[in-house]
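Reading the structure
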Amino acid sequence: VQLQASGGGLVQAGGSLRLSCTASGNTFRENALSWYRQPTGKRRELIARIKDDGATEYARSMRVRFTIYRENGQNTVYLQMSDLRPEDTGVYLCHDVQLGGKDDGTEYWGGGTLVTVSS
């Protein structure tokens, strides 16, 4: 499975961005797709996760301004971000973990897309 993230860029504080992550390869399986971010010099942190059935979970601090959703037919997960702040700056990465089957728990990471929020 390969994950390709896109949609990052430079945006002013208060602006919005939508990130996309498309999976290719063996996508015919149950999985959970997630977005993480890693600000420069800081630890990677989970933003949100979505399962095949659409069930979502969010990091508490991300729930208001970030929305995760997926289009299963296109093997794509999105992250809609609004009211962006300079502290949202970082590399945003998509993550895939298989649920069930003999490869249960197998993880895949995308290459990341850089989001820069100017003040």
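Each remark here, short or long, concerns the structure printed above.
Along each chain, the written sequence defines residue order, and numbers are assigned to residues from 1. With pLDDT at 70 or above as the cut-off, local features in this predicted model cover only qualifying residues; side-chain atom pairs require 80 or more to be listed or tallied, and sums for whole chains, interfaces and linings still use all residues. Side-chain descriptors were evaluated using all non-hydrogen atoms of the structure, hydrogens and water having been removed beforehand.

**Quick word on the sheet that holds strand 7 (residues 66–71)**
Defined as follows: For two strands to be treated as a pair, DSSP must find no fewer than two bridges joining them. Numbering of helices and strands runs from the N terminus, with a helix taken as a DSSP run of H or I at least four residues long and a strand as a DSSP run of E at least two residues long. Note on method: axes are straight lines fitted to C-alpha atoms, helices fitted across the in-contact stretch only, with angles between N-to-C directions ranging 0 to 180 degrees.
Taken together, the 4 strands give an open sheet; going across it, the order is 1-3-8-7, and neighbouring strands pair in antiparallel fashion. The open sheet terminates on both sides in strands that have one partner only, identified here as strand 1 (2–6) and strand 7. Between one strand axis and the next, the sheet turns by 15° as a mean value, whatever way the strands run. Pairing geometry for strand 3 (residues 17–24) and strand 8 (residues 76–81), over 6 bridges, is antiparallel. Bridging from a neighbouring strand, Ser20 pairs with Tyr78 of strand 8.

**A look at the pattern of salt bridges**
Which entries qualify depends on this criterion: Salt bridges are defined by distance alone: a side-chain nitrogen of Lys or Arg within 4 Å of a carboxyl oxygen of Asp or Glu.
Considering all chains together, one arrives at 7 salt bridges under this definition. We note a salt bridge from Glu57 to Arg49, for which the minimum N-O separation is 3.5 Å. Among the salt bridges present, the one from Asp88 reaches Arg65, with a minimum N-O distance of 2.8 Å. Residue Asp88 is found in the loop between strand 8 and strand 9 (90–98), and its partner Arg65 is found in the loop between strand 6 (56–58) and strand 7; the two are separated by 23 residues along the sequence. By sharing partners, the salt bridges in this structure join Arg37, Glu45, Arg65 and Asp88 into a single network.

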